[in-house]
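A structural walkthrough
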Amino acid sequence: MTALMAQDIASDFAAELVGANAVVSAPAPLLDAEARQLTFVGDTARFAEAFERASLAGAVVLAPLGTELPEGATGSLILVENPRAAFGQAVARHFAPKAAAGVADTARVHPTARVHESAHIGEYTVVREGAVIEAHAEVRDHVVIGRGVVIGEHSLVKSHAVIGEEGFGIEKDADGNNFHVPHIGSVRLGAHTEIGNFTTVCSGTIAPTVVGDYTKIDDHVHIAHNCRIGRNVIITACAEISGSVVIEDEVWIGPNASVIQGLTLGKDSLLGIGAVAVKSVPENEVRVGNPAKRLGDNKK
């Protein structure tokens, strides 16, 4: 295997390399980085001491455009617009473990389900009839993929998630007793989506519940039936999204937030930690509190 060089990482981002073209052995935090280790610094003033120490030790540092090597440094710099993002991409590309394609021996895949040859299905996972697992998707251990669910290419479903079981739609029969309304719409996850551990995404009643491309959903989140979630949305841990909610592109939802059924969260809006949305949120607005009230505009 060819050694990974600092210039290889710089080339990934069409970035300038300043200093030696060293072999890169492993990623490391800035405070601990040693010779030939890859790290990053976002704020060179705030972290000046740690940055100088890592550079003098010989680390390869992803740093903001215009950064200069400290005097006497033996390390090197890779100058990028967003060092943290570049570090994450470099670690994903060169160091993160990759799940092997194939279906684990303990998994159960229905004969009518379609699993792409490049996808990964983990231990004790169940893939039910008619489901589709697209190219390079990774479905980890103890996951349930319901009937007719589509998992988009390059998506990740973490362990113990449940995708496509019935939503909680309850009505009264003629005798006044509760009965469960069938949910046959299933779920469609777009490409490059992520579903966290112990998260549930419920089947739509007739049409599918939809999660758009590049949307990332954290652990212990509940997405109810008939929701329509756009692209590049972030939903963090323990949030609860009730039925038929529309979440437009680029929305950010904080931990433990709740959204009542039928609302719309407009593009680029932000719902703060623990917020309870009882009214729809306009585009580019920040709301916090219970009930959620306007705090200002979402300035990115």
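Residues numbered from 1 in each chain as written. Predicted model: local features only at pLDDT ≥ 70, side-chain atom pairs only at ≥ 80, totals over all residues. Heavy atoms only, no water.

**Structural notes on the pattern of salt bridges**
One pass over the structure, following the stated rule, counts 11 salt bridges. Salt-bridge contacts for K158 lead to E194; the nearest nitrogen and oxygen are separated by 3.4 Å. Within this pair, whereas K158 is found in the loop between strand 15 (156-157) and strand 16 (162-163), its partner E194 is found in strand 20 (residues 194-195), the two being separated by 36 residues in sequence. A salt bridge links D297 to R294, with the shortest nitrogen-to-oxygen separation between them at 3.0 Å. A relative accessible area of 48% means that R294 is categorised as partly exposed. In the salt-bridge network here, residues are joined through shared partners; they are E285, R287, R294 and D297. (Salt bridge = Lys/Arg side-chain N within 4 Å of Asp/Glu carboxyl O. Helix = DSSP H or I, 4+ residues; strand = E, 2+ residues; numbered from the N terminus. Buried < 20%, exposed > 50% of the residue type's maximum accessible area, 1.4 Å probe, protein only.)

**A word on the sheet that holds strand 3 (residues 37-40)**
Read across the open sheet, the 5 strands follow the order 1-5-4-3-2; overall the sheet is mixed. The outermost strands of the open sheet, each flanked by one partner alone, are strand 1 (16-19) and strand 2 (26-27). Pairing analysis gives 4 bridges linking strand 1 to strand 5 (residues 76-80), with the strands arranged antiparallel. Within strand 5, the position partnered with G19 by the bridge is S76. (Pairing = 2+ DSSP bridges.)

**Some points on helix 3 (residues 83-94)**
Look at helix 3: 16 Å from first C-alpha to last across 12 residues, which is about the 16 Å you get at 1.5 Å a residue. Those residues of helix 3 not exposed but buried are P83, A86, F87, A90 and V91. End-on view of helix 3: buried residues confined to an arc of 135°, all on one side of the axis. The elements touched by buried residues of helix 3 are helix 1 (6-12), strand 2, strand 3, strand 4 (60-64) and strand 5. (Expected span 1.5 Å × (residues − 1). Arc of directions from axis to C-beta. Contact = heavy atoms within 4.5 Å.)

**Points about the packing of aromatic side chains**
Considering all chains together, one arrives at 1 aromatic pair under this definition. Consider the rings of F40 and F87, whose centres lie 5.1 Å apart with planes at 40°: the pair is tilted. Here the residue F40 occupies a position in strand 3, and F87 occupies one in helix 3, the gap between them amounting to 47 residues. On the basis of relative accessible area, F40 is assigned to the partly exposed category, the value being 25%. (Phe/Tyr/Trp six-rings, centres within 6.5 Å; stacked < 30°, edge-to-face > 60°.)

**Points about helix 2 (residues 48-57)**
Of all the residues in helix 2, the buried ones are A50, F51, A54 and S55. Across the axial projection of helix 2, the buried residues extend over an arc of 130°, all falling on one side. Phi for G58, located one or two positions after helix 2, is positive at around 100°.

**Details of the sheet that holds strand 28 (residues 246-247)**
Taken together, 8 strands build an open sheet; the order of strands is 8-11-14-19-22-25-28-31 and the sheet is parallel. Pairing within the sheet leaves two strands with one partner each, and these edge strands are strand 8 (114-115) and strand 31 (264-265). Note: strand 14 (residues 150-151) against strand 19 (residues 187-189), 2 bridges, orientation parallel. Directly across from V150, in strand 19, lies its bridge partner R188.

**Digging into the nonpolar core**
The biggest cluster of nonpolar side chains holds 44 residues, and the ones touching the most others in it are I145, I163, I235, I247 and I253. Excluding its chain neighbours within four sequence positions, the residues that come into contact with I247 are R228, I229, G230, V233, I235, I241, I253 and L265. Formed by 16 residues, the second largest nonpolar core is a distinct cluster that contains L4, A10, L17 and L62. (Core = buried A, V, L, I, M, F, W, Y, C linked by side-chain atoms within 4.5 Å.)

**Comments concerning the environment of V103**
Structurally, V103 can be placed in strand 6 (residues 102-103). Note on V103: relative accessible area 42%, which makes it partly exposed. The spacing of V103 and G122 is 19 residues in sequence and 6.5 Å in space, taken between C-alpha atoms. Aside from chain neighbours lying at most four places away, what touches V103 is V109, V115 and I121.

So far we have only geometry, and geometry alone does not tell us how the molecule works.
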